[in-house]
Each structure stands twice: as structure tokens, then as C-alpha cells.
Amino acid sequence: MVPVAFEYHRAGSVAEALSLMAQHGEDAKILAGGHSMVPAMKLRLSTPTTVIDLGGVSDLKHITDKGDHIAIGAMATHWMVESSDVISAKAPALRDAAASIGDVQVRNRGTIGGAMAHSDPAADYPGPILALDASMVIQGPSGQRVVSATDYFVALWETAVQPDELLVEIRVPTTPMNANSCYEKFAQPASRYPYVGCAVAVDKSGGTCSDVRVGFSGVGHVGFRDSNVEGALKGQALSAASIKAAADTATNGVDVLSDWSVSEDYRRAMSRVYARRALTKVGL
Amino acid sequence: MGKMIGESIKRVEDHRFITGTGEYTDDIVLPRMTHAYILRSHLAHAKIKSVDTTAAKSADGVVAVFTGEDVAHINGIPTGWQVNFTDGEVMREPKHPLLVKDKALHVGDGVAIVIAESKEQARDAADLIEVDYEELSVVVDASKALEAGAPMVHDELPDNRAFDWQLGDKVAADTGMAKAHHVTKMRIRNQRMIANAIEPRSYIGDYSKARDKYTLYTSSQNPHVIRLLMCAFVLGIPEHKTRVVSKDVGGGFGSKIFHYAEEALVTWASQQIARPVKWTAERSEAFVTDAHGRDHNTIAEMGFDKDGNITALRVHTDANLGAYLSTFAPAIPTYLYGTLLQGQYVTPAIHVTVNGVFTHTTPVDAYRGAGRPEATYLLERLIDTAAAEMGMDPAELRMKNFIPAFDGVEQPGYQTQVALQYDSGDYEATMRKALDVLGYNDLRKEQEEARKQGRYIGIGFSSYIEACGIAPSAVVGSLGARAGLYESANVRVQPTGKVSVHTGSHSHGQGHDTTFAQVAADHLGIALEDIEIIHGDTEQVPFGMGTYGSRSLAVGGSAIVKALDKVKEKGAKVAAHLLEASEQDLEYIDGKWTVKGTDKSIGFGEVALASYVPHNFPEGLEPGIEFNSFYDPANFTYPFGTYIAVVEVDAETGTTEIKRFVAVDDVGNVVNPMIVDGQVHGGLAQGIGQALLEGAVYDESGQLTTGTYLDYAMPRADDLPSFEVDRNVTPCPHNPLGVKGCGEAGAIGSTPAIVNAVVDALRPLGIKDLEMPLTPQKVWAAIHNANA
Ligand SMILES: Cc1cc2nc3c(=O)[nH]c(=O)nc-3n(C[C@H](O)[C@H](O)[C@H](O)COP(=O)(O)OP(=O)(O)OC[C@H]3O[C@@H](n4cnc5c(N)ncnc54)[C@H](O)[C@@H]3O)c2cc1C
């Protein structure tokens, strides 16, 4: 488990990181918590010649209640997300997802920014990020831009973050609907990454479902919002029957991942079970 | 004092483990040490057309590169057990080279070793080696490897068999089956397992030119056997000039019993370059090079008369041995498997046939339980299935067929139909206790209620027996073992009365430092702190056979007791002299020899001092107190028990939740209950892992699909319930401690209990069998198909 030799730089600020990136170009890689990248380097699946460590960038480690949104720095660890009172109160789906990642050691080092930039199709965060309608702040040589969750996840291993850019912040709106959210995960027994992870946020003022967002992790090539379920439930009275009917449409028309341990049929069926369980939890 | 045995003393070794001060092989740093990386075949079957090491040899820091060509003159890795064909043909033992030269036979087969100043440089240089492979066709399944036209693993062996084997009485079994009123027949797959010890294998070869001496530091379960095999059979180097050291070892579960190519390779290479050579497996390397376990394809049938009495058992197994014969490989699916098919039952006729088969996979050898779990699994699945088919209660059907209680003293041992003679047992007692602890009748009612609500609760039994304390040397010798299976001990009393106990067995998690010290403290009546247990160094310990097969206390502990007896015998002579009394008038209590009926006494420490400062000493008696003992057991020991699992299956997802697990064992006398509980807990976790989670999967091309922890599911604490462990005690009648062994019981008994419970839960749906591991997807698919 020895990586190929590389040059190591520790950036003190976002600006310094960006300039180091510009200087070293394509062969450089950003290091956050290292919990996806270092294993890949040790297996020599990833062979950067330069590593730029964000560990010293202190202004990326915040979790702040900004009134209309929670601002989460890219370098906030999974543990910080899991144990944040404001996230727990206003975006519980994100807390559930963070708390379900790996073990305590992993959560103490791995960061939400690293996970979001890595965009592993098997990762936990995409579902809640979509269901909470979060947005991502991306900074590059020409400044900052804000990208919505639906535009952020592009394809397998690909996000809206360009090679010369950094993900710096995640913004989660503090709506009543987001406060009524959860993430239900069916973990793969070996890796404990999700077979299926389903995040939902439901606006159930007045007993009907006036709005709902459903985001899936681990099911497709990228995290996605399930418009079938959302469409089927929106405007309906919330009941076990309406929830089940809506959940049973999950993944219709979506390409579902399969591998040696999990068939497409099974993953589709489990998506429906977990959509129902998540919707039941916060919808009834 | 004198009351240590039976106490749950905290493990004295834990402090160093918990505080990170253990001494594992990879922690050892020697002056001028080099680091090795082994380049391995990424193909399961390939002709090696050329290996070009030119660039690697001139890479930074590289000291040497050796290939299969360079070690072709060295003998292969030997096998320690010979199982000949039933027609008399001798077992086929193709060469298992240290590095392959012409052909790679499994993913992970070693092709070249790169030795450099640093681990990083060795790894980098390995990338510069160019190997030209020609891919060949592959077979990974034992039964498929036996089919006509299957790809051949070894060119000279057209049918891929190493041996075939049988045991029992075929005619009697056929007759018993013919007259059966009911026959339960099953196809059973016992999947391949990977041990996954937390410490990967690690070796350092250290040749001293000054003394013309070799030292091998190794993460092994049995240093003496490694020394013997490596010196005498592989490298041809002098045994007395070779030291093998195996200090702390981070788990073995069988996988570190065997002599591995890398041990001989680093030892040989160290002599070539006259510097120490260290190699430590990477985790992904461990997955494809540590010997695997199990992997049986079996057809088994059990016949019953109309009252439910077993009339016969017939078994055929194709056992996958992998690409080469590992150290104990031939013994596992034969003498440690077929001989256990009597189980706890009075089966009057048994016949078993086995094919030992080569495939393009990692070698298969002993893995916690080794053969006995495979035997137990098929017996317990058969009897549970039979009970359902005949409409009988599974506990009652078992009890009807149990061998009646026998203590091996008043009543003789029980002669089985498959060679072994059980030492002592009371099978119904452990079953009854387990039923009591569980509250069986109430639970069946709960199950009924749950079923009405559409919930799937199941209760699964497993009544296991195993053979431990291996083994009487003459018996195993007659069965093909190429070694004796006694154990050694040396007790060295120091002048200050402190005692060093050397044992030939080896601790890699079992707690010998504590248990053996308890035994010695009790026998000598001295404090635990005054005893040091030393193992794992061939220069300190008399020739021993190591630890596996739950043998340490039954065989190694007995050797210690024998040596302690000699210490006390000599001590009495010294004490009698000093007390001016006759030996017959002395009694030894609480570490003191006392003249009976008087207050005249002398302590162990004073006798020790007098023995090393023999100014006033019995005439003709040698000074010093130090004794060796070699204990060769009279028989195997036979622990047994009944396990009951209660599970609930979530029919929507196929997930199994273990609600309760009751384990009642009888492992004979118990020295340290806490350590026994720990061994049972660990074994249960491992056996449950096999039932629900674990399993090596090869694809058609011979790639190990489950080659990392992303895909190979190990059991974790939250997969398991809080175990309800209880015990009965039927002492072993033939060893001085009356102990039987507890290291493997949990892993042997728990697997079928879980599978039986899941099948019991799903029986209303018409589900009769499921193949392990019972992953959620598999269970879901079965439920789905049953509902369709
Ligand atoms: C044992 C184990 C178990 C795990 N279990 C789970 C699980 O159950 N669920 C789950 O979702 N994940 C799991 N993970 C992955 C874990 O969540 C990682 O921490 C995460 O995927 C990556 O975050 P990191 O901070 O470690 O990033 P790194 O590994 O440092 O980086 C990951 C990638 O993102 C890039 N990057 C990092 N930060 C930025 C940035 N600010 N801008 C642009 N690019 C950036 C890096 O260059 C790299 O390509 C597990 C990991 C381990 C080791």
C-alpha cells in the first residue's frame, strides 16, 4: 500500500490553493480528509504528482446559521455535520446521512466538501443535498459561482466543479420543509455504503403534501431527484396508502446501478421500500 | 492460592495490546534491513512467456530482484499430510514453487521478489518489471474441475484430483438407506471463507554471515513446525542453525498455521544478499495469498425409520483445495471432516466419499473449525430439514437420536462408525439447558402469533460435536500425518522462586499468558505475578507443535502440568532434606512443604534458592530445578453443545435480524471462564459471519470479486445480538486438567443454527433451503419467488 511519490503542498488559504492549482495544472490534486483519495493513491488507482492539502485552510471549516440558510464550509468533517445542532434542527436529513458514513475515525477526517467533490455514485450525501435543495459555492480563478443541487451532479464521478476550481461551501436553505426531512439508508453489508439511500423533505401543512422533494443516493450513476414520487405525492392527502402508491413509482425510467452483489431488480425494489419508509417517517 | 483455576482473571497480555506496545513482526527493525515487494500474477491461469527485470534491477534503491528462474532449484512448499487414493495410488503433490517460473496458477501467485532499501523503492521498482503472460482457460469450482474437458491446473494431472477418499461402511449405509421410511437428501454448498486476521502476514529473514545462522521472524501459529518444514524440506539448511521467532501475532484463525512461500523466500534471499529482508503483506495481497477455508460441494442424505430414528447417512463431497496443496490441506476435508459425521447421533451406518480437487484459486486449508464446521453444517441442516418433512419438532428429533450420556470413566468412550472414539459426553443435557435458557415452548407460541401478523420469526437449532486437542501421534500417523501432534513444555524455576514456563503452543489471541499462568500458579501455589509464560521462539522453547485445532490447553496445558509435577517431585526431595523429614511425611499446600501434623514447613522460594545455592543439598541430587515434558494425548477431546438462534426476517428487504442467540457448550473443565466466554463469542461471530455475510466469490476468469472489504463482508458488533452463553461440564477423562478445548466451538456450531432459523422463519412460504451467505438479496429473491 505505497502510493507513487508525489510533491506535497499545504495551502494556507483558498487563494493560495487556487494559485498552487494553477501552477501545477492537471497533475495536481486537492487533498481534503483524504478518505477517498488516499486509499485510491495507495492502490495506485490515482497517481497525482502534486498534492495540495486544504487541511490548513481554517475558513473552510465553519457551520454557520445565516438566517435563510446554513453555510457549511467544504472542510467541515462528517462528524461536525453529524453533531451540529443547527443541522440537526433545520436539516436533519443531512445529519442522518453524515452519521451513517463509515465509522467514527472516518467521520473525524472525511469532509463534506471532499465527499461532494469526489461524487462517488455510492456516496451518501447526494440524496440529502438534492432533497434539501442545497446549493454549492464554487470558487475559481475568476471568482465564485453558486450552483443548484440539480445542476451540481453531472455524471458518474463528475460534478460542476471544474479542474481549476474548488468547492468552498454548501448552503442548505432553512425552510420548514427542510426541517421536516430525513435520510433512510439500507447499507451494503460489507462496505456500509448505501445499497439505497433515500432522503425526503416534506411540507405537510394542513395534512396534505403541499411540497415534497425526494433524493436518492447510491441508486443511479449520480444522485437524483425522483420526479415520479414527487409528482405522485404532491397535492395528495398524506396517508399510508398515498405514500405507498407514490413510493412504488420510485426509479421509474431511471437507470439503476447493479453489480455482483446487487441486481437492478433488487435495488429498484429496495428504493421503493426505502422511499416509503422515509416518507412515512416525516410525512405521517 | 491454589484457587486460580476457575477464576475469570483479567488477561495479563491485554495491557500491551491495548496500549499499542505489542511486538508484532512488522514492528521489528533490524540494522541494515531491506524491504521486499512481491510481484504477483493478476491472472488466474497464465503461461509466463518472459520476465524482464532489467529496469527494475537498476531502479533507485534496488538491492536485488529474483524471479521464478532464480529459485527454480529450490524445493517446493511441502504438504504435512498424505491422503492416498482409495485404489492405492499415492496422493498427487505437484510442486508449489517459491515463485512461479513457467505458469501462474491463481491470482496472487508470486512471480518476482524485489528487494530494496525502502518499501517505497521496492514497490516502485516492481512496476518496472515486464511480464509477458499468455492467458489460459480457468476453472474455479471443484465439481466443474472434475468434469471431462475441464481446464487443467497441473499439466500432469488430467482430472485435477489430488486424491479421493472414503470412510465408513458403504454396504451398511446403502442397506440402511434402502430400508429407510423417509430420506432427506440435500445439495449443500459450504462456501469459501477468508480468515482476515487483523495483522497481515509478515516475515523477516535474517542471515548472519558471522555465525552462518538463519533467523526467521514470522507471524506464525507454530514456529517449530515452520522451522522444520523450511529447513528440512524446502531450503535444506541446518535446523540447529535456524531460529524461528514468532512473538505477538494478530490473529490467525488457521491461516497462519501453514508454511508459506514468502517465509522461505525472505530467508533464502537474506542469505543471498547477506542482509535482513522484511516482507509484510498488503491487505489486498492477504486476500489472495492467505490460505482460504471451507469450499465444499456436497450431496448428503439421511435415512429415518418411521419413528424418526436415523438409519443411515451417505455423503459425497467435492472439496476445493485451490491451486496447490497447503500444509494441512489434505487432512481438512478428510480426517477432520468425515470422522465427525457421527455428530451427536446414534447413526448406525455412515459412508462418506470425498474428492480433493485442484482449481485455479488460492490454496484452501484449515480455517477455524477446519472440516468440523462443514460436517456439522450438513448434519444439522439434514436433521432440521428432516424434522420439517416428517412433521416432527426439531429438538425432539435430535433428542430421540442422541447418543446416551457416558462419562468415559464408569461408562466406556463411544465408538463411532467413522473411526473416532468420543471421550465423554452428555448431549441431552446441553440441549435441555439450551431449551430452558431460551424458554422454547413460549417462543414457539410467540412465533405462531407473529406469523398471524405476517411477521417471520424463526428458531434454529444446532447440536454440534467436534474433535479437539489434536492429537495422539500414533493415531494421526496411521492416518497420513507426517508429524507427531504432542506438545512440549519446559518449566524453569529461577533461584528467587520465580518461574519461567516455556510452551510449544502459541498464543495469537487465545490468552495463554493468563490461562497457562493460572494453571502453573495453582499447581505450585505461588502468585500469578511470579510466573512468566514464554512461547514463540525456537531457541527458548523445546520442540513444539503450535496452536490450532483448539489444542493449546488440552495438549500444551497438559505438558505444563506434567513438567510442574516433576518440579514438585524434586522440590519435595529438597524440602525433605532441609526439613530433616521423610518425603512421605510432607504435604505440599499453598506453596509450602509442611511436615504433616507439625508447623515445620519450608516455602517454594526457599527450596528454589537452595537448589541453586546447594550448600546444604541432598546427596546425589543434581542442583537446579528445571524440567521438560512432552505430552502426547491418549485421544482427541470432544467438546459439544447445543446452540439456538432466534431470528426475524424482514420480508420486504430480506434482512435477517438475530433476536437471540443461546449457546450452551460443554468444553470440559474451565480454567478461565471469561476467556472461554470470549473464545465462544468470537467463534459465534465468525460462524454467524459465514451464515449471513461472508464468502469468497470468484468470477469465471478466476478473479477474486470479493478481494477487498468493500465486497467481503466481515461481521461487526452491530450485526450481532448480545449472546446468551451458558455451560455444562463433562470433564475430559484422559488429560490431567480434564479440559477439552473451546477455540473453535462457536464457529462450528453457530452457522447451521442461523440458517436453520432463517429457513424456519420462511417455512410457511414453502422455502426449504437457502445457500450461504444468506444475504438480504438472496433471501428477498427466495421470498419473492415463493410469493410469485
Ligand atoms: C472506511 C471508509 C468508509 C467510508 N464509508 C462511507 C459511507 O458509508 N458513505 C459515504 O458516502 N462515504 C464513505 N466513505 C468516504 C468518505 O465519506 C470520504 O471522506 C469522502 O468520500 C471524501 O472526503 P474527504 O474529505 O476524505 O476527501 P478526499 O479523499 O481528500 O478527496 C476526495 C476527492 O475530492 C477532491 N476534493 C476534495 N476537496 C475538494 C474541494 N474542496 N474542492 C474540489 N475538490 C476537492 C479531491 O481532490 C479528491 O479527488 C468512507 C471512507 C472510508 C475510508
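Rules behind the numbers
- Residues numbered from 1 in each chain as written.
- Chains lettered and ligands numbered in written order.
- Predicted model: local features only at pLDDT ≥ 70, side-chain atom pairs only at ≥ 80, totals over all residues.
- Heavy atoms only, no water.
- Contact = heavy atoms within 4.5 Å.
- Buried area = accessible area lost by both parts, 1.4 Å probe.
- Salt bridge = Lys/Arg side-chain N within 4 Å of Asp/Glu carboxyl O.
- Domains from an automatic or database assignment.
- Polar contact = N/O pair within 3.5 Å; in protein donor to acceptor, adjacent residues only side chain to side chain.
- Helix = DSSP H or I, 4+ residues; strand = E, 2+ residues; numbered from the N terminus.
- Expected span 1.5 Å × (residues − 1).
- Buried < 20%, exposed > 50% of the residue type's maximum accessible area, 1.4 Å probe, protein only.
- Disulfide = S-S within 2.5 Å.

## Examining the interface of chain B and chain A
Then, number 1: Listed per partner, the contact involves 26 residues of chain B and 23 residues of chain A.
Then, number 2: Between chain B and chain A, roughly 2100 Å² of surface is buried when both sides are summed, and carbon and sulfur atoms account for 54% of that area.
Then, number 3: For chain B, the biggest contributors to the area lost against chain A are Glu-652, Gln-777 and Trp-780 of chain B; these three give 26% of the whole.
Then, number 4: Here chain B is connected to chain A by seven salt bridges.

## What to know about the domain arrangement of chain A
All names here are of chain A.
Then, number 1: What the domain assignment reports for chain A is domain 1 (7-53), domain 2 (61-173) and domain 3 (176-283).
Then, number 2: A C-alpha centroid distance of 20 Å is found between domain 2 and domain 3.
Then, number 3: Across the boundary between the two partners, domain 2 contributes 29 residues, which contact 24 residues of domain 3.
Then, number 4: For the domain 2 and domain 3 pair, buried surface summed over both sides reaches about 1800 Å², with 57% attributable to carbon and sulfur atoms.
Then, number 5: Looking at the side of domain 2 facing domain 3, the largest losses of area belong to Pro-121, Leu-130 and Ala-131, adding up to 25% of the total buried there.
Then, number 6: Run the count over domain 2 and domain 3 and you get one salt bridge.
Then, number 7: Between Asp-124 and Lys-185 there is a salt bridge, with its nearest N and O atoms 2.8 Å apart.
Then, number 8: Counting across the domain 2 and domain 3 interface gives 12 residue pairs in polar contact (both at pLDDT 80 or more).
Then, number 9: Every element with two or more residues in the side of domain 2 that touches domain 3 is listed here: α4 (85-90), α5 (92-99), α8 (126-131), β8 (153-155) and β10 (166-173).

## What to know about helix α18 (residues 745-762) of chain B
Then, number 1: A rise of 1.5 Å per residue sets the reference length of α18 of chain B, with its 18 residues, at 26 Å; its end C-alpha atoms lie 27 Å apart and thus fit the reference within 8%.
Then, number 2: Extensive coverage of α18 of chain B is indicated by the burial of 18 of its 18 residues.

## What about the state of the cysteines?
Then, number 1: Counted by the stated rule, this structure contains zero disulfides over all chains.
Then, number 2: The thiol of Cys-198 of chain A is not disulfide-bonded; the next cysteine sulfur, from Cys-182 of chain A, is found 7.7 Å away.
Then, number 3: Of all cysteine sulfurs, the one in Cys-742 of chain B lies closest to Cys-468 of chain B, which takes part in no disulfide; the gap is 8.5 Å.
Then, number 4: Owing to a relative accessible area of 0%, Cys-468 of chain B belongs among the buried residues under this scheme.

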